[in-house]
Amino acid sequence: MKYNKCIGTRDVLPEESIIWEYVAQKLRDISYLYGFGEIRTPTFEHAEVFIHSVGDTSDIVTKEMYLFNDKSDRSLVLKPEGTAGIVRAYIENHFHVKPKPVKLFYMDAFFRYERPQKGRFREFHQYGVELFGSKEPSSDAEVISLCFHILSELGFKELLLELNSIGCNVCRPPYREQLIAFLQDHQAHLCEDCNKRMDKNPLRVLDCKKPQCKKAVQDAPRIDENLCPVCDEHYTQLQQLLNDLQIPYKKNPWLVRGLDYYQQTVFEVLSSDLGSQSALLGGGRYDGLAEILGGPHTPAIGFAMGLERLIMLIQQFKNWDHLRPLSPVAYIAHEGFSTLSQAMKIAGLLRAQAIAVEMDLECKGIKKGLEVAIKKGAAYAILLGSEEMEQGTVTLKNLSSRNQQSCKVNDLIPTIQQHLEEHHDISKS
């Protein structure tokens, strides 16, 4: 029987995996510059971690979680997002007693049962950061600065921050009543999902992407005009810092994000590099989430970006020709079984000096080995026959120029290294 991959999953093949590793290393390097350390949490968690934090009215909980019971009848879930599990780990591993702020980043796989579409899968990967222990607007500005640093380093130029404040437990309840009253007057124009959300979580109606709902709420009361003095001051100071850092932004009063744990700052970063503007990442502040999950009050802010979509977008405009680790520097073509051991020894010597090399493992002969070397894109072929074996030499063939030279085995490594340095100098000039 022939098996295919599951719907909503994909195979990342070696040619694309190179790009994934390049992007992952960039993300790690820049995260370390800002003092963020990597955290890895389990693939599955207790379902309550997400039901209590993400919100029982969110699409993730009501429609998308991969929920199952284990053999002890515990309710478990394949994690659908990163923040709740990291907050659980923050509490369980006593990070709250460490010097503040605690800065963590992750790159991980997540799972949501949703309709697959371009750049969106049921198993997907995200990079994200979480900063714990600071309620100051400077923490928000630092996290946003990290977003811009990463995206600029990955080749995006036309970046714009969309920004809003959705208040706190003081200012949101009275605003919530205003919003519910408005939505009830426009109930006939809302989709079925928004009619269900209206009483339990009316802010999520503002997040609906359906055209009729977006049109219906365009005259709704604005949360940023109903902030308490503390939230208003926080929002004003953040904007001042962004101006000082010369980070371009616009205020979007309808930006609320989709998860229940957000409060105060919420944001998205968009790019118009690829034509129409599209959001590359999103995040916000979630100062009450640690308490919901049984920990001490902990102010926190973070963001996440989908790696499948990010890599799909940057592949459209970035030149990846400089990434060629799949093509070996050298390929050893040898005569047969009598030369196999020596070929393997030479391969070991080259690899010990970080020179990528492959070889004929099936003893097909020098002519066939040369054909394979060319197909694999090797820069050099190392030819080893019975005559070379007797003399302790190899023939080094440049597969671009077709020039070749006899070389003592002991001189092979410095000879290849010299060729590589010369090639590098030519390519730079």
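Residues numbered from 1 in each chain as written. Predicted model: local features only at pLDDT ≥ 70, side-chain atom pairs only at ≥ 80, totals over all residues. Heavy atoms only, no water.

With 16 residues, helix H13 (residues 337-352) extends 23 Å between its outermost C-alpha atoms, agreeing within 8% with the 22 Å of an ideal straight helix rising 1.5 Å per residue. Taken residue by residue, H13 has Thr339, Leu340, Ala343, Ile346, Ala347 and Leu350 as its buried positions. Down the axis of H13, the buried set is contained in an arc of 135°. They therefore lie on one face. Opposite its buried face, H13 presents the exposed residues Ser341, Lys345 and Ala352, each directed more than 90 degrees away. Residue Ala354 follows H13 closely and has a positive phi angle near 65°. (Helix = DSSP H or I, 4+ residues; strand = E, 2+ residues; numbered from the N terminus. Expected span 1.5 Å × (residues − 1). Buried < 20%, exposed > 50% of the residue type's maximum accessible area, 1.4 Å probe, protein only. Arc of directions from axis to C-beta.)

Among the secondary structure elements, Glu308 is positioned in helix H12 (residues 307-314). Notably, Glu308 is buried but unbridged: the nearest opposite-charge side chain belongs to Arg10, and the N-O separation is 5.4 Å. Side-chain polar atoms of Glu308 contact the side chain of His125, separated by 2.7 Å. Setting aside anything within four residues of it in sequence, one finds Glu308 in contact with Arg10, Trp20, Gly119, Phe121, Glu123, Phe124 and His125. (Lys, Arg positive; Asp, Glu negative; His and termini not counted. Salt bridge = Lys/Arg side-chain N within 4 Å of Asp/Glu carboxyl O. Polar contact = N/O pair within 3.5 Å; in protein donor to acceptor, adjacent residues only side chain to side chain. Contact = heavy atoms within 4.5 Å.)

On to the sheet that holds strand S2 (residues 44-46), then. Judged by pairing direction, the sheet is antiparallel, and its 3 strands sit side by side in the order S2-S4-S3 without closing on themselves. Each edge of the open sheet carries a strand with a single partner, namely S2 and strand S3 (66-69). Shown here is a sheet whose adjacent strand axes are inclined to one another by a mean of 35°, direction ignored. Pairing between S2 and strand S4 (residues 75-78): 3 bridges, direction antiparallel. Looking at S4, one finds that His46 is bridged to Leu76. Strand contacts of helix H2 (residues 47-54): S2, S3 and S4, with the helix running at about 70° to S2, the strand carrying the most contacts. (Pairing = 2+ DSSP bridges. Axes fitted to C-alpha atoms, helices over the stretch in contact; angles between N-to-C directions.)

The final tally for this structure, using the stated rule, is 9 aromatic pairs. Note on Phe132 and Tyr286: the rings are 6.3 Å apart at their centroids and 85° apart in plane angle, and the pair reads as edge-to-face. Of this pair, Phe132 sits in strand S6 (residues 123-132) while Tyr286 sits in the loop between strand S10 (278-285) and helix H11 (289-292); the two residues are 154 residues apart in sequence, bridging distant segments of the chain. The residues Phe132 and Tyr286 share a single accessibility class, namely buried. Ring-pair connections join several aromatic residues into one group, and the members of that group are Tyr32, Phe105, Tyr127 and Phe303. Of note, Lys98 hangs over the ring of Phe95, and the distance from its end group to the ring centre comes to 5.6 Å. The lysine or arginine in question, Arg122, covers the ring of Tyr113, its NZ or CZ lying 4.0 Å from the ring centre. (Phe/Tyr/Trp six-rings, centres within 6.5 Å; stacked < 30°, edge-to-face > 60°. Lys NZ or Arg CZ within 6 Å of the ring centre and 35° of its normal.)

What follows is about the nonpolar core. Counting residues in each nonpolar core, the largest one holds 95 residues, and the members touching the most others are Tyr127, Phe267 and Phe303. Ranked by residues supplied to this core, first place goes to helix H5 (residues 137-153) with 8 residues. Look past the residues within four positions of Tyr127 in its chain and what remains in contact with it is Leu27, Ser31, Phe105, Tyr106, Met107, Leu146, Ile150, Phe303, Ala304, Met305 and Leu307. Within the second largest apolar cluster, 21 residues are counted, among which are Val329, Ile332, Leu384 and Val409. (Core = buried A, V, L, I, M, F, W, Y, C linked by side-chain atoms within 4.5 Å.)

What follows concerns unusual backbone geometry. A cis amide bond, omega -5°, links Lys100 with the succeeding residue Pro101. Counting through the fold element by element, Pro101 comes out in the loop between helix H4 (83-92) and strand S5 (102-111). Phi is positive for Asp73, close to 65°, though the residue is something other than glycine. The exposed category is assigned to Asp73, whose relative accessible area is 57%. Positive phi is not limited to glycine here, since Gln246 has a value of about 60°. The residue Gln246 is located in the loop between helix H10 (229-244) and strand S8 (249-251) in this model.

The contact between H5 and H10 brings their axes to 9 Å, and the two run at 45°. As judged from the angle between their axes, H5 and H10 are oblique. Helix-helix and strand crossings are classified by hand; for H5 and H10 the assignment is right-handed. Contacts from Pro137, Ser138, Asp140, Ala141 and Ile144 in H5 reach His234, Gln237, Leu238, Leu241 and Leu242 in H10. Residue composition of the contact of H5 with H10, by class: 6 nonpolar, 3 polar and 1 charged. (Parallel < 35°, antiparallel > 145°, perpendicular 65-115°, else oblique. Left-handed = near helix turned anticlockwise from the far one by under 90°. Nonpolar A, V, L, I, M, F, W, Y, C, P; charged D, E, K, R; others polar.)

Working definition: the strands of a sheet are paired by backbone hydrogen bonds and lie parallel or antiparallel to each other. Overall, mixed pairing links the 5 strands, which are arranged S13-S12-S14-S15-S16 in an open sheet. Among the strands making up the open sheet, the edge pair consists of strand S13 (357-359) and strand S16 (404-408). The sheet shows a mean angle of 25° between the axes of neighbouring strands, direction not considered. Alignment of strand S12 (residues 330-334) against strand S14 (residues 380-384), held across 5 bridges, turns out to be parallel. The residue of S14 that forms the bridge with Ile332 is Ile382. The sheet strands contacting H13 are S12, S13, S14 and strand S15 (393-398), and the helix crosses S13 at an angle near 170°. Across the sheet, helix H14 (residues 366-375) lies against S12, S14 and S15, angled at about 165° from S12, the strand it touches most.

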